[in-house]
Amino acid sequence: MGKDYYKILGVEKGSSQDEIKKAFRKKAHEYHPDKKTGDEAKFKEINEAYQVLGDAKKKSQYDQFGSGFQNGQAGGAGGPGPGGFDGMNINMDDLGDMFGGFGDIFGFGGGGGRKRAQRGSDIETNVVIDFSEAVFGVEKEINIRKKTTCDKCKGEGAEPGSDVETCATCNGAGRVSRVQQTILGSIQTQTTCPACNGEGKEFSQKCTKCHGHGITLENIKLNIKIPAGIDNGESLRMPANGEAGEKGAPAGDLYIRVNVKEDKRFSREGIDIVSKKEISFTQAVLGDKIEVETVDGVVKLKIPEGTQSGTIFKMKGRGVNKLNGRGRGDHLVKVVILTPKNLDKKQRKILQDLNI
């Protein structure tokens, strides 16, 4: 039974050329062998379907003869005939134009066919800081293990002083061609050269440190600046401080997740700091000046007469620095009145006489 090209591309029989081209681009992107979701057999099948449905004349003949078109009843695919087709020689480099110049995304665009070096991977690490360090900011030294550009060959992969030669397999193109016979005739496809891995060149001796990869695994020390006001669980991004890219490609990014230690004296609500302070019954009734511990040190706080337990006092500008901004939040102090215990007879009599 013949192939259903419409089903292969996922379009209806009455679809326009624009709809057919759009469907082809989507599926080619999904199944191209160089991608994680790639499937070489499906990609070839999709390309075969598009060569027919993407041409108005061939599409018309396919619609007329259906499966007979594939079985040679319409003149065959090997040569011209009544209702038939000429054999075709399709270079995959030509497909770049079908994607509006984005053929390189799929590995068969212009630019000589060289393999595009991959950007380095992003990496993540954690750093632990104190509560006050989160408020005011701090510099920390961290140690990470990551892929870095080989310092011996500078990422080239060749032993210093070794000869560089044009790849004999691909003649420096970085890609090799092969011809496949289909119902449309000969189709030429191109893949990354296995001998030079798409580089187009070979070395007489590979680097003895990185074994030709251009990348080594190293322990790296970094000094990082953690900004004032950062909160627990937030992350910092350091561009180009991730793992090194291949053959001079850009490095990935480093993400630093910040974990802030708890402080038994303080808690945080946005940019405000909250704490509790116990005062005596007498201080609450008569008023007083008390000492309150803050991230800036000990500060005097006036307690007015008749203060009730649970009252919150605001100490302006003694909270957390605003992240990437100016100014600070406030320090909120919640007073808790200590109720007297184990009173003697005289003390009890005084309170009874006061009747409060």
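These figures come from a predicted structure and were not determined experimentally. (Residues numbered from 1 in each chain as written. Predicted model: local features only at pLDDT ≥ 70, side-chain atom pairs only at ≥ 80, totals over all residues. Heavy atoms only, no water.)

Caption draft 1: Spatial organisation of the side chain of Lys 59. For Lys 59, the position within the fold is in helix α4 (residues 56–65). Apart from residues no more than four positions distant in its own chain, Lys 59 is found in contact with Tyr 6, Lys 13, Ser 15, Gln 17, Ile 20, Val 52 and Leu 53. (Helix = DSSP H or I, 4+ residues; strand = E, 2+ residues; numbered from the N terminus. Contact = heavy atoms within 4.5 Å.)

Caption draft 2: Layout of α4. Among the residues of α4, Lys 58, Lys 59, Gln 61 and Tyr 62 are the ones counted as buried. What you see down the axis of α4 is that its buried residues fit within an arc of 165°, all on one side. Opposite the packed face of α4, turned more than 90 degrees from it, sit the exposed residues Ala 56, Lys 57 and Gln 64. If you check the start of α4, you find a side-chain oxygen 3.0 Å away from the backbone N of Lys 57, and it comes from Asp 55. (Buried < 20%, exposed > 50% of the residue type's maximum accessible area, 1.4 Å probe, protein only. Arc of directions from axis to C-beta. Polar contact = N/O pair within 3.5 Å; in protein donor to acceptor, adjacent residues only side chain to side chain.)

Caption draft 3: Spotlight on helix α3 (residues 40–53). Taking 1.5 Å as the rise per residue, α3 with 14 residues should run 20 Å; its terminal C-alpha atoms sit 20 Å apart, in good agreement. Taken as a whole, α3 has its buried residues at Phe 43, Ile 46, Asn 47, Glu 48, Ala 49, Tyr 50, Gln 51, Val 52 and Leu 53. A distance of 3.1 Å separates the backbone nitrogen of Ala 41 from a side-chain oxygen at the start of α3, and that oxygen is part of Asp 39. (Expected span 1.5 Å × (residues − 1).)

Caption draft 4: Up close: the sheet that holds strand β9 (residues 235–238). In space, the 3 strands of this open sheet follow the order β2-β10-β9, with mixed pairing throughout. Looking at which strands have only one partner, the edges of the open sheet turn out to be β2 (123–129) and β9. Direction aside, the axes of adjacent strands within the sheet are offset by 25° on average. (Pairing = 2+ DSSP bridges. Axes fitted to C-alpha atoms, helices over the stretch in contact; angles between N-to-C directions.)

Caption draft 5: Fine view of the packing of helix α2 (residues 17–31) against α3. At a minimum axis distance of 9 Å, the contact between α2 and α3 shows a crossing angle of 165°. As summarised for this structure, α2 and α3 are arranged roughly antiparallel, according to the angle between their axes. In this structure, α2 meets α3 at a crossing whose hand is left-handed. Residue-level contacts link Gln 17, Ile 20, Lys 21, Phe 24, Lys 27, Ala 28 and Tyr 31 of α2 to Glu 40, Lys 42, Phe 43, Ile 46, Asn 47, Tyr 50 and Leu 53 of α3. Class assignment for the residues of the contact of α2 with α3 results in 8 nonpolar, 2 polar and 4 charged. (Parallel < 35°, antiparallel > 145°, perpendicular 65-115°, else oblique. Left-handed = near helix turned anticlockwise from the far one by under 90°. Nonpolar A, V, L, I, M, F, W, Y, C, P; charged D, E, K, R; others polar.)

Caption draft 6: View of the sheet that holds strand β11 (residues 267–269). Read across the sheet, 4 strands follow the order β11-β12-β16-β15 without closing on themselves; strand pairing throughout is mixed. Either end of the sheet is taken by a strand with one partner, and the two such strands are β11 and β15 (312–315). Strand-to-strand, the axes of this sheet are offset by a mean angle of 35°, without reference to chain direction. In this sheet, strand β16 (residues 331–338) lies alongside strand β12 (residues 272–280) in parallel orientation, the contact comprising 8 bridges. Bridge pairing links Lys 276 to Lys 334 in β16.

Caption draft 7: Region of the structure containing the confidence of the model for the protein. Per-chain confidence: the protein averages 82 in pLDDT, with 82% of residues scoring 70 or above. Per-element confidence in the protein ranges from a low mean pLDDT of 37 for strand β1 (residues 90–91) to a high of 98 for β15. Confidence drops under a pLDDT of 50 for residues 70–113, and excluding neighbours within four residues, the segment shows 97 contacts in the predicted structure. (pLDDT = per-residue confidence, 0-100.)

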